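# A look at the structure
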Amino acid sequence: LTAVIPYLGYARQERRTQRQALGGRVMADIIGTGHFERLMLIDAHTAAIEGFFGIPVEHLTAVPLLAGAAATSMRDSSIVVAPDLGAIKRAREYGRLLGLPVAVVHKTRLDGEAVEAHEVIGDVRGREPLIVDDMLSTGATIAAAAGALRTAGAAEPISVAVTHALLVGRSREVLDELALAR
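Before going into details, it helps to say that this report is about the structure given with it. All values reported here derive from a predicted model rather than from experimental measurement. (Residues numbered from 1 in each chain as written. Predicted model: local features only at pLDDT ≥ 70, side-chain atom pairs only at ≥ 80, totals over all residues. Heavy atoms only, no water.)

## A word on the environment of T33
Mapping T33 onto the fold places it in the loop between helix 1 (23-32) and strand 2 (38-42). Separated by 2.5 Å, the side chain of T33 and the backbone oxygen of I30 make a polar contact. (Helix = DSSP H or I, 4+ residues; strand = E, 2+ residues; numbered from the N terminus. Polar contact = N/O pair within 3.5 Å; in protein donor to acceptor, adjacent residues only side chain to side chain.)

Rendered as structure tokens:
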């Protein structure tokens, strides 16, 4: 029996904060009661979540599919951008598939909804960015990245590709305000 879970909602809760339970571990224990022989996840937020399960976990990725969809609007002047340090590996894969260079936004998460971008690592001046991430929850990371890219001289349009568009709270308004191309 195989469990296929396209989005594991507690995958970001793999580290202990204060005195709270590890949500990812709690969810793994609950899934474990189903007596599955293996588990398939799509773009889990971190590979560390695999250690919470007592059964084999297979990570599938939507990156090739999303890169293929994005390819139709990419140009030689495009650049793939990781919106934070945690997305570098994913951005490199997009870059490889699209034949594009990669840049990274250095950010700090201030709380559950607030993000601060510090700098862009890589030359984005005059390039059309494709921001790539595994999930878009509140839109704060994308907003911070887009602001940092514009400040660094990136060209319009700015595009975004994410596997899991959760779109919680004001995220739709946040994205509308960014004037993204796609």
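## Considering the side chain of D133
Tracing the backbone through its elements, the reader meets D133 in strand 7 (residues 128-136). In this structure D133 touches P83, D84, A87, R90, T141, A161, V162 and T163, once residues within four positions along its chain are discounted. (Contact = heavy atoms within 4.5 Å.)

## What about the sheet that holds strand 2?
Sheets are built from strands paired through backbone hydrogen bonds, the pairs being either parallel or antiparallel. Strands sit in the order 1-2-3 across an open sheet of three strands; the sheet is parallel. At either margin of the open sheet sits one strand with a lone partner, and together these are strand 1 (2-5) and strand 3 (57-60). Here the average twist between neighbouring strands, direction ignored, is 20°. (Pairing = 2+ DSSP bridges. Axes fitted to C-alpha atoms, helices over the stretch in contact; angles between N-to-C directions.)

## Details of the pairing of strand 8 (residues 159-165)
For strand 8, the tally of buried residues reaches five of seven residues, placing the bulk of the element in the interior. Across six bridges, strand 7 lies against strand 8 in parallel orientation. Looking at the pairing, L130 lines up with S159 of strand 8. For the crossover that starts at strand 7, traverses helix 4 (residues 140-151) and ends in the parallel strand 8, the hand is right-handed. (Buried < 20%, exposed > 50% of the residue type's maximum accessible area, 1.4 Å probe, protein only. Right-handed = clockwise from strand over helix to strand, strands pointing away.)

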